[in-house]
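Given next are the chains, with one letter for each unit.
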Amino acid sequence: MSASPTNQVRGPYGETNDTSKAGFDLGMFVGDLAFEEDASSEDVSLEGLQQELEECQSDDVVANILSKGTKLREYTKGVENDVRQVELDSIQDYIKESDNLVSLHDQIRDCDSILSQMETLLSGFQVEIGSISSEIKSLQEKSMDMGLKLKNRKVAELKLARFVEDIIVPPRMVDIIVDREVNDEYMRTLEILSKKLKFVEVDPMVKSSKALKDVQPELERLRQKAISKIFEFVVQKLYSLRKPKTNIQILQQSVLLKYKYAILFLKEHGKEVYTEVRGAYIDTMNKVLSAHFRAYIQALEKLQMDIATSSDLIGVEARVTGLFSRGREPLKNRSAVFALGERISILKEIEQPALIPHIAEASSLKFPYEVLFRSLHKLLMDTATSEYLFCDDFFGEETIFYDIFAGPFSVIDEHFSSILPNCFDAIGLMLMIRIVHQHQLIMSRRRIPCLDSYLDKINISLWPRFKMVFDMHLNSLRTANAKTLWEDDVHPHYVMRRYAEFTASLVHLNVEYGDGQLDLNLERLRMAVDDLLNRLAQMFQRPKLQTVFLINNYDMTISVLKEAGTEGGRAQLHFEELLRNNTATFVEELLLEHFRDIILFVKTRASEDPNINQENPVTVADVEPLVKDFASRWKAAIELMHKDVITSFSNFLCGMEILRAALTQLLLYYTRLSDCIKRVPGGSALNKDLVSISSIMYEIKKYSRTF
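Residues numbered from 1 in each chain as written. Predicted model: local features only at pLDDT ≥ 70, side-chain atom pairs only at ≥ 80, totals over all residues. Heavy atoms only, no water.

Trainee: How would you explain the overall build of the chain if you had to name every residue and give the values?
Mentor: Counting secondary structure elements, the chain contains 29 helices and 2 strands. With 707 residues in all, the chain has 39% of them scored as buried. Of the contacts made within the chain by residues no fewer than 6 positions apart, 78% connect residues no fewer than 24 positions apart. When the accessible surface of the chain is totalled, it reaches about 41,100 Å², and 55% of it is carbon and sulfur. (Helix = DSSP H or I, 4+ residues; strand = E, 2+ residues; numbered from the N terminus. Buried < 20%, exposed > 50% of the residue type's maximum accessible area, 1.4 Å probe, protein only. Contact = heavy atoms within 4.5 Å. Areas by Shrake-Rupley, 256 points an atom, 1.4 Å probe, with all protein chains shown as cover.)

Take a look at the structure:
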């Protein structure tokens, strides 16, 4: 249905009224339109007309009008009439629906009345809700205020309860402190008393409270009573430490440490008494430990085996002074003064328990001093470790240890000062130096620093003494009289054996430490023994015997150095070079002794070429005597060489090596002689007298099988 906005008039509340009922004249709204005046008006602008005409070309109505040639005015009137008719039809439609519109208007007005009432009701609710919100807010504030007051009261109650608990003196506590024995319960009560004493001393508010005036005298009397009782208890326990055969460590661990809080109580609430108790403990332990170490040292001294005196030196003549003076413990052999032997085992047993003197004495055992030294210091380390930890735990002071051990250190220093000046055992001194080093490592692993300065002092005192004894050995070689030491024997000299064993011992003890200063001292000792050995060798009249003497001594020295370990040091390399040189010299001397003519000929004329004109060429007559002489006695000469080597060299293997070297050199000489004969005119006539190379090699192998 067509609608027109002109047929209704909206009321003040939005209702619409039919225009027919209002008696409006439709003619005043619909009149004739005067287009002619508009068309002829000069105010009409023709701008954009062309563009609009172009746009209307596609419109069917416009195109029809233009094609039929209809006048625009007539067409316009037709359109106007159509529009007016449509408008009238629409008005009729609205008139037909007027009843429905009136009903709708009434319904809307009723709804508006109901909504107005609801608005009034909701406004009342809003007011009431605002009132309730303000009441809730007021209640919330009151609740928070009450909660804060409750919290403050609880805090005040808690503080008051703590105050009452901390300041009150229960009758049971008084009974335990005054009348009960010192035990675990007493220690717990002491802790409670200590808290109360600290509470009244530290808190300034407590000091101003009236309750303190009533309680403080009682607390003070309890403090004095507790201090007095603890003092008596601790002193009694300290007296038990002085009893003979008391195991100090067990008493400390099982008794004293259980009551270490008593010492803390004295330190906090009775400093004067604590100082007295501390001094009493220091004095007691100082005397007890000093007496124990003194008795232990006296027992160890009975087990000591004397090793060396001031005359037991490398270069001292054995037949005059002897290696051992009367009254000393005999050793298995004289070289034990210089040889390390089984004494090295002390470093492997470094962690073994200390010796028990009466058991060793009952077994009639004697020990070198380094064994006693290790045992004494093992006991010292264990005792010091136990005491250091106890002092730190019981007193909370590590410095007490040094006051306690001033006595034991003095006893050990006194003993050591009497032993060290009379010690001429260089091997024993070096072993003690290594023992001290191992003990330092043990204390480091334990993380106990209390013996650091003491062990450093012992180490500092051992090195100068070792250097002095070492220099005595060195000077004995430098000042030795070769005529007095010389023996008409090419076998290894006892001085050289002493040197070899002494050097091997020190080299072995230096393998893991790499002490450069010790290496330099050993080099000085090696130079001194080289000089003495050459002077002794020159005492032999025959050069061959001199060489044999040197070879035997060099070989023995190398063997001893190798026995000490895989690393013989620079000394071993030096003697190996000397052995090679002297072996080559001896081989030449031995061959010259039995095959002089052949060797001299080979060295002087075997290289001559007979084809070159010479004044005195090599002839068959020159070589024939040599060939026949060698063929007649070469086996016998080799046998003599074999016997000579066996009797000359003390080391069979060394002698056989030298014999093999000599036979190999002989084979080379004879091969050169054979080559020379082949170049001599007519030399083939001597082939029947030549000994085949294979025969000589067979003989060499036969002697080689003997070793």
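Trainee: Any details on the packing of aromatic side chains? Residues and values, ideally.
Mentor: Overall, the coordinates contain 25 aromatic pairs when judged by the stated rule. Aromatic pair Y388 and F401: ring centres 5.9 Å apart, planes at 80°, arrangement edge-to-face. Note that Y388 is positioned in helix α17 (residues 369-394) and F401 in helix α18 (residues 400-404), a separation of 13 residues in sequence. Judged by its relative accessible area of 0%, F401 is buried. Clustering of aromatic rings is evident, with ring pairs tying together Y388, F401, Y402, F405, F409 and Y454. (Phe/Tyr/Trp six-rings, centres within 6.5 Å; stacked < 30°, edge-to-face > 60°.)

Trainee: Give a detailed account of the pattern of salt bridges, specifying residues and quantitative values.
Mentor: All told, the structure shown has 32 salt bridges when counted by the stated rule. R445 is paired through a salt bridge with E351; the nearest N and O atoms lie 3.6 Å apart. One end of the pair, R445, is in helix α20 (residues 426-446); the other, E351, is in the loop between α15 (345-348) and α16 (357-362), with 94 residues separating them in the sequence. One salt bridge connects D530 with R526, and the closest N-O pair in it is separated by 2.8 Å. Of the two residues, D530 and R526 are both situated in helix α24 (residues 516-537); the distance of 4 residues between them amounts to about one turn of the helix. This pair shows no difference in class: D530 is buried, exactly as R526 is. One salt-bridge network, in which partners are shared between bridges, spans E351, K378, D382, R445 and R446. (Salt bridge = Lys/Arg side-chain N within 4 Å of Asp/Glu carboxyl O.)

Trainee: Break down a nonpolar patch on the surface for me, with residues and values.
Mentor: Where nonpolar side chains cluster on the molecular surface, the patch consists of L121, L122, F125 and I129 and spans about 410 Å² of accessible area. Looking at the secondary structure, you find F125 in helix α6 (residues 98-167). A relative accessible area of 40% means that F125 is categorised as partly exposed. (Patch = residues over 30% accessible without salt bridge, like charges linked within 9 Å, V, L, I, M, F, W, Y side chains within 5 Å.)

Trainee: If you had to explain the side chain of H473 to someone new, which residues and values would you point to?
Mentor: Position of H473 relative to the elements: it lies in helix α21 (residues 452-478). If near-sequence neighbours (up to four positions away) are discounted, H473 is found in contact with D312, L313, I314, F338, A426, F502 and L525.

Trainee: Please give an account of α17 that cites residues and values.
Mentor: Spanning 26 residues, α17 covers 37 Å between terminal C-alpha atoms, matching the ideal 38 Å at 1.5 Å per step. Burial within α17 is extensive, with 21 of its 26 residues counted as buried. (Expected span 1.5 Å × (residues − 1).)

Trainee: Describe the environment of I412, listing the residues and the values that go with them.
Mentor: Topologically, I412 is positioned in helix α19 (residues 406-419). Classification of I412 as buried rests on a relative accessible area of 1%. For the pair I412 and L380, spaced 32 residues apart in the sequence, the C-alpha separation amounts to 9.4 Å. In this view, I412 contacts F293, I297, L376, L380 and Y454; residues no more than four positions away in its chain are not counted.

Trainee: With reference to specific residues and values, describe the packing of helix α13 (residues 271-301) against α17.
Mentor: One way to put it is that α13 packs onto α17 with a least axis distance of 11 Å and a crossing angle of 165°. In terms of axis orientation, α13 runs roughly antiparallel to α17. As α13 runs across α17, the sense of the crossing is right-handed. Contacts between α13 and α17 involve Y281, M285, L289, F293, Y296, I297 and L300 from the former and L372, S375, L376, L379, L380, T383, E387, F390 and C391 from the latter. Residue composition of the contact of α13 with α17, grouped by class: 13 nonpolar, 2 polar and 1 charged. (Axes fitted to C-alpha atoms, helices over the stretch in contact; angles between N-to-C directions. Parallel < 35°, antiparallel > 145°, perpendicular 65-115°, else oblique. Left-handed = near helix turned anticlockwise from the far one by under 90°. Nonpolar A, V, L, I, M, F, W, Y, C, P; charged D, E, K, R; others polar.)

Trainee: Just give me the short version of the nonpolar core, but keep the residues and values in it.
Mentor: The biggest cluster of nonpolar side chains holds 177 residues, and the ones touching the most others in it are L451, L462 and F575. Ignoring any residue separated from it by four or fewer positions in sequence, one finds F575 in contact with M496, Y499, R526, V529, D530, Y554, T557, I558 and L561. (Core = buried A, V, L, I, M, F, W, Y, C linked by side-chain atoms within 4.5 Å.)

Trainee: Any chance you could break down helix α27 (residues 620-648) for me, citing the residues and the numbers?
Mentor: In α27, a bend of some 60° at R633 exceeds every other bend along the element. Among the residues of α27, those classed as buried are V623, L626, V627, F630, W634, A637, I638, M641, H642, D644, V645 and S648. (Bend = angle between axes of the 7 residues up to and from the residue.)

Trainee: I'd love a proper account of the packing of α20 against α21, names of residues and values included.
Mentor: Where α20 contacts α21, the two axes come as close as 9 Å, and the packing angle between them is 160°. Regarding the angle of α20 to α21, the classification is roughly antiparallel. Remark: the crossing between α20 and α21 carries left-handed chirality. Counting all contacts with α20, which are made through A426, L429, M430, M432, I433, R434, V436, H439, Q440 and M443, the residues of α21 involved are L455, D456, I458, N459, L462, W463, R465, F466, V469 and H473. Residue classes in the contact of α20 with α21 are distributed as 13 nonpolar, 4 polar and 3 charged.

Trainee: Quick one: what's the story with unusual backbone geometry, residue by residue and with numbers?
Mentor: At S364, a position not held by glycine, the phi torsion is positive, near 55°. Positionally, S364 belongs in the loop between α16 and α17. With relative accessibility at 63%, the residue S364 sits in the exposed group. A positive phi angle, close to 60°, is found at R447, a residue other than glycine. The class for R447 is exposed, based on a relative accessible area of 73%.

Trainee: Go over the confidence of the model for the chain with me, naming the residues and quoting the values.
Mentor: The predicted coordinates of low-pLDDT regions are not to be read in fine detail. Confidence in the prediction for the chain averages 81 pLDDT; 82% of positions are at 70 or higher. Note on residues 1-42: pLDDT under 50 across the span, and 50 contacts to partners over four residues away in sequence or across chains. Segment residues 320-333 is flagged for pLDDT under 50; beyond a separation of four residues in sequence, or across chains, it makes 28 contacts in the model. (pLDDT = per-residue confidence, 0-100.)

Trainee: Describe the side chain of T583, with residues and values.
Mentor: Secondary-structure assignment places T583 in helix α26 (residues 569-604). You can call T583 buried: its relative accessible area is 17%. Within the structure, the side chain of T583 is placed 2.6 Å from the backbone oxygen of L579, a separation counted as a polar contact. If near-sequence neighbours (up to four positions away) are discounted, T583 is found in contact with I551 and I658. (Polar contact = N/O pair within 3.5 Å; in protein donor to acceptor, adjacent residues only side chain to side chain.)

Trainee: Run through the state of the cysteines, naming residues and quoting values.
Mentor: The final tally for this structure, using the stated rule, is 0 disulfides. Cysteine C391 is unpaired, with the sulfur of C450 as its nearest cysteine sulfur at 9.5 Å. (Disulfide = S-S within 2.5 Å.)

Trainee: Tell me about the environment of A308, and please be specific about residues and values.
Mentor: Looking at where A308 falls in the secondary structure, it is placed in the loop between α13 and α14 (318-321). What makes A308 buried here is its relative accessible area of 13%. As a C-alpha pair, A308 and A426 span 118 residues in sequence and 8.8 Å in three-dimensional space.

Trainee: Can you explain the environment of N247? Please cite residues and give values.
Mentor: Along the chain, N247 falls in the loop between α10 (210-241) and α11 (248-254). Within the structure, the side chain of N247 is placed 3.3 Å from the backbone nitrogen of Q249, a separation counted as a polar contact.

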